[in-house]
Amino acid sequence: MELINNRYQIGGIDAMSLVEKYGSPLYVYDNAKMKAQYDKITGAFNDVNLKINYACKALTNINVLRFFKKLGSGIDAVSIQEVGLALKAGFSPDDIIYTPNCVSMSEIEEAVNTGVHINIDNLSILEQFGHTYGDKVPVCIRINPHILGGGHDKISTGHIDSKFGISIYQMRHLLRVIETNNMQIEGIHMHTGSDILDVDVFLRGTEILLEAAVSFRELKYVDFGSGFKVPYKPDDIFTDIDDLGRKLTKRFKEFCKNYGKDLVLMFEPGKFLVSEAGYFLATVNVIKQTTATVFAGLDTGLNHLIRPMFYDSYHHIINISKPHAKTRIYTVVGYICETDTFGWNRKINEIAEGDILAFYNAGAYCYAMASNYNSRFRPAEVMVHEGKDYLIRKRENMDDLLHNQIESEIF
Ligand SMILES: *Cc1c(COP(=O)(O)O)cnc(C)c1O
């Protein structure tokens with residue numbers, strides 16, 4: 001968001017005018033930022049055979065999927081429904097990888113029937129898959145290298161207690177299942193969770209994955225998952241993609257040379273591609289002075305943006321109505337009948353009732369996790385593309401709330 005002539009702009013469009021046009025609260029996505037992030041990865045890995053699969057669970061609006069298709073991305077889908085969305089968005093099955101966790105064999109069979117790539121993350125399903133398909137359907141194997149990606153407990157996936165992936169300590173068993181069923185392993189994968197703080201820790205995971213990879217002779221790709229950290233605060237640390245690009249490219253090329261084949265290097269970023277492109281705009285309903293703090297109460301809550309309450313994530317908040325007012329300390333809260341605090345002790349330009357606040361980093365896992373709790377409508381979504389704004393999801397209404405409810409004849 002840029003401040004130009006006292007007005008905040010998103011992708012060249014006046015943010016306040018978007019609220020006037022589409023109502024409040026409102027999600028706004030800036031495509032130029034998504035592209036810039038995509039280009040950062042392709043730029044850092046321009047010397048390998050790179051394939052990016054957008055992890056669409058971060059933000060599943062079909063227009064966002066189509067935008068990434070235009071950029072040349074594939075899709076990482078974690079459910080059969082996301083596979084369906086990606087197909088509907090126009091992706092070919094070959095550009096979709098399905099990476100579920102703890103789903104039924106019948107859902108996996110459904111995915112196989114669509115022709116997408118299948119990533120399996122536990123031995124039980126792998127065995128069933130082997131019995132069903134043998135060497136007919138190639139699979140990718142998700143390995144848990146047991147390194148810590150970093151970040152909050154709830155988003156960390158690579159540790160020893162994690163439910164994700166097949167433990168690297170189960171390699172013998174894994175190979176036995178594969179050999180017995182004559183299975184074709186086309187890819188090997190790890191995803192160590194969000195928030196890679198340290199490139200060298202990531203590279204340690206890489207070593208473990210590549211060491212495992214030599215056991216498979218028919219690989220086409222190595223998928224390094226995601227977990228790129230983005231900045232949340234003005235001077236926050238983030239994953240140094242260029243540094244990762246240099247180091248991993250060197251290591252991967254060396255691996256391919258020894259392996260005797262040029263493999264595809266895959267990533268499946270979600271947050272990195274869309275987090276910073278999104279803004280959530282909300283209106284201040286109430287300013288409430290208590291003995292302890294000043295609350296700014298908004299026309300939204302954990303029903304629309306749950307990350308701060310769910311896993312303590314930080315979203316930078318500014319008052320776009322008063323760019324130059326003196327700053328004061330606020331506790332920013334929602335309107336839900338639960339404690340839904342967006343941020344404590346925030347220094348924000350003095351807020352009056354009716355002002356519009358903007359949340360940063362609202363692209364990833366924000367709308368995607370929104371609900372109808374308290375029977376509130378979910379907000380509208382707007383996409384800013386090449387200097388124009390497009391409504392890409394309507395605000396819900398009463399009909400949406402009742403849509404699947406059946407008014408029974410009991411009463
Ligand atoms: C969620 C997820 C991602 C994306 O993670 P980000 O931290 O948003 O980049 C990638 N791969 C898999 C398998 C996932 O479940």
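All values reported here derive from a predicted model rather than from experimental measurement.

Details of the pattern of salt bridges
Tallied over the full model, the rule gives 17 salt bridges. As a salt-bridge pair, aspartate 389 and lysine 21 come within 2.8 Å of each other at their nearest N and O atoms. Here aspartate 389, found in strand E21 (residues 388-393), pairs with lysine 21, found in helix H1 (residues 15-22); they are 368 residues apart in sequence, far enough to count as distant. Among the residues examined, aspartate 389 registers a relative accessible area of 18% and is labelled buried. The class for lysine 21 is exposed, based on a relative accessible area of 55%. The closest approach of N and O atoms between lysine 35 and aspartate 39, which form a salt bridge, is 2.6 Å. Of this pair, lysine 35 and aspartate 39 both sit in helix H2 (residues 31-44), 4 residues apart, which is roughly one turn of that helix. Within the structure, one salt-bridge network assembled from shared partners comprises Asp200, Asp243, Arg246 and Lys247.

Structural notes on the pairing of strand E4 (residues 26-30)
Summarising burial for E4: 5 of the 5 residues are buried, a large majority. Inspection of the sheet shows E4 paired to strand E14 (residues 278-289) by 4 bridges, in the antiparallel sense. The residue of E14 that forms the bridge with tyrosine 29 is glycine 278. Bridge count between E4 and strand E20 (residues 380-385): 5 bridges; the pairing is parallel. Bridging across to E20, aspartate 30 finds its partner in valine 384.

Comments concerning the environment of arginine 172
The topology assignment puts arginine 172 in helix H7 (residues 171-180). Arginine 172 gets classed as exposed once you look at its relative accessible area, which sits at 52%. Here the alpha-carbon distance between arginine 172 and isoleucine 318, two residues 146 residues apart in the chain, equals 54 Å.

Quick word on the domain arrangement of the protein
Entries for the protein in the domain assignment read domain 1 (2-28 + 277-402) and domain 2 (45-270). Taking only C-alpha atoms into account, the centre of domain 1 sits 33 Å from that of domain 2. Here domain 1 and domain 2 share an interface that buries about 1500 Å² over both sides, 59% of which is from carbon and sulfur atoms. At the surface where domain 1 touches domain 2, the tally comes to 0 salt bridges. Mapped onto the side of domain 1 that touches domain 2, the elements with two or more residues apiece are helix H11 (307-311), E20 and E21. Among the residues forming the side of domain 1 that touches domain 2, the class breakdown is 9 nonpolar, 4 polar and 4 charged.

Things to note about the nonpolar core
Within the largest apolar cluster, 106 residues are counted, with the highest numbers of intra-cluster contacts made by Tyr54, Phe129 and Phe224. If we skip the residues at most four places from it in the chain, phenylalanine 129 touches Met105, Ile108, Val112, Ile118, Ile120, Gly134, Val137, Val139 and Met183. Counting residues in hydrophobic clusters, the runner-up holds 21 residues, among them Met16, Leu18, Ile320 and Ala380.

A few points about the sheet that holds strand E2 (residues 7-10)
Paired through backbone hydrogen bonds, the strands of a sheet run either parallel or antiparallel to each other. The antiparallel open sheet is built from 3 strands, whose spatial order is E1-E2-E3. Only two strands of the sheet have a single partner each, and these edge strands are strand E1 (2-4) and strand E3 (13-14). Pairing geometry for E2 and E3, over 2 bridges, is antiparallel. Within E3, the position partnered with glutamine 9 by the bridge is aspartate 14.

Thresholds applied
- Residues numbered from 1 in each chain as written.
- Predicted model: local features only at pLDDT ≥ 70, side-chain atom pairs only at ≥ 80, totals over all residues.
- Heavy atoms only, no water.
- Salt bridge = Lys/Arg side-chain N within 4 Å of Asp/Glu carboxyl O.
- Helix = DSSP H or I, 4+ residues; strand = E, 2+ residues; numbered from the N terminus.
- Buried < 20%, exposed > 50% of the residue type's maximum accessible area, 1.4 Å probe, protein only.
- Pairing = 2+ DSSP bridges.
- Domains from an automatic or database assignment.
- Buried area = accessible area lost by both parts, 1.4 Å probe.
- Nonpolar A, V, L, I, M, F, W, Y, C, P; charged D, E, K, R; others polar.
- Core = buried A, V, L, I, M, F, W, Y, C linked by side-chain atoms within 4.5 Å.
- Contact = heavy atoms within 4.5 Å.

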